[in-house]
Amino acid sequence: QVQLVESGGGLVQAGDSLRLSCAASGRTFSSYTMGWFRQAPGKEREFVAAISRHGGITYYANSVKGRFTISRDNAKNTVYLQMNSLKPEDTAVYYCAAGMQTTRDPGDYAYWGQGTQVTVSS
């Protein structure tokens, strides 16, 4: 089992940047693919980005491609989400998740953090 703790959320203005971190503990971090998802009020949880076990494969939602970058440091058991050029529509609770497949489907991720709030004002 793996425990995930997100950090780095906050209140920013449109056009600003934030970097989210997700620290993992428990079983070997590099055994898992990692994903970031988000959920806005009244909306379903949606895929943001995913990264393979050693970082060689990444996927992004079309809505964040070119603005967000997912990365991981297996030595630090941490996955990151660098978010640039933030927009008000990026406002959501952001969750990291661990799974065995690098996919966009939240059902493929077995472990989830508690989430961190990102609010982007216009």
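Keep in mind that what you see is a predicted model, and the values were worked out from it rather than measured.

### Some remarks on the overall build of the protein
Item 1. Helix and strand counts for the protein stand at zero helices and eleven strands.
Item 2. Its C-alpha radius of gyration of 13 Å places the protein within 12% of the 14 Å reference for a compact globule of 122 residues.
Item 3. Judged by the C-alpha coordinates and their principal axes, the protein covers about 40 × 25 × 25 Å.
Item 4. The buried share of the protein, taken over its 122 residues, is 43%.
Item 5. Accessible area for the protein stands at about 6,100 Å²; split by element, carbon and sulfur atoms hold 45% of it.
Item 6. The distance from the centre of the 12 positive side-chain charges to the centre of the 9 negative ones in the protein is 5 Å.

### Concerning the state of the cysteines
Item 1. Summed over the entire model, instances satisfying the criterion amount to one disulfide.
Item 2. Two residues share a disulfide in this structure: Cys22 and Cys96, whose sulfurs sit 1.9 Å from each other. Of note, the bridge from Cys22 to Cys96 carries an S-S torsion of about 45° and is right-handed in sense. Placement of Cys22 in strand 3 (residues 18-26) and of Cys96 in strand 9 (residues 92-99) is noted, with a sequence separation of 74 residues between them. Accessibility classification places Cys22 together with Cys96 in one group, the buried group.

### Examining the sheet that holds strand 1 (residues 2-7)
Item 1. Across the sheet, which stays open at both edges, the four strands sit in the order 1-3-8-7 with antiparallel pairing between neighbours. Each end of this open sheet is capped by a strand with a single partner; those strands are strand 1 and strand 7 (68-73). Direction aside, neighbouring strands of the sheet carry axes that sit 15° apart on average.

### A look at the pattern of salt bridges
Item 1. Enumeration according to the criterion identifies three salt bridges in this entry.
Item 2. For Arg38, the salt bridge is made with Glu46, and the minimal N-O distance between the two is 2.6 Å.
Item 3. The class of Glu46 is partly exposed, set by a relative accessible area of 36%.
Item 4. Within this structure, Arg38, Glu46, Arg67 and Asp90 form a network of salt bridges that share partners.

Reading the values: the criteria
Residues numbered from 1 in each chain as written. Predicted model: local features only at pLDDT ≥ 70, side-chain atom pairs only at ≥ 80, totals over all residues. Heavy atoms only, no water. Helix = DSSP H or I, 4+ residues; strand = E, 2+ residues; numbered from the N terminus. Rg over C-alpha atoms; globule rule 2.2 N^0.38 Å. Buried < 20%, exposed > 50% of the residue type's maximum accessible area, 1.4 Å probe, protein only. Areas by Shrake-Rupley, 256 points an atom, 1.4 Å probe, with all protein chains shown as cover. Lys, Arg positive; Asp, Glu negative; His and termini not counted. Charge placed at Lys NZ, Arg CZ, Asp CG, Glu CD. Disulfide = S-S within 2.5 Å. Pairing = 2+ DSSP bridges. Axes fitted to C-alpha atoms, helices over the stretch in contact; angles between N-to-C directions. Salt bridge = Lys/Arg side-chain N within 4 Å of Asp/Glu carboxyl O.

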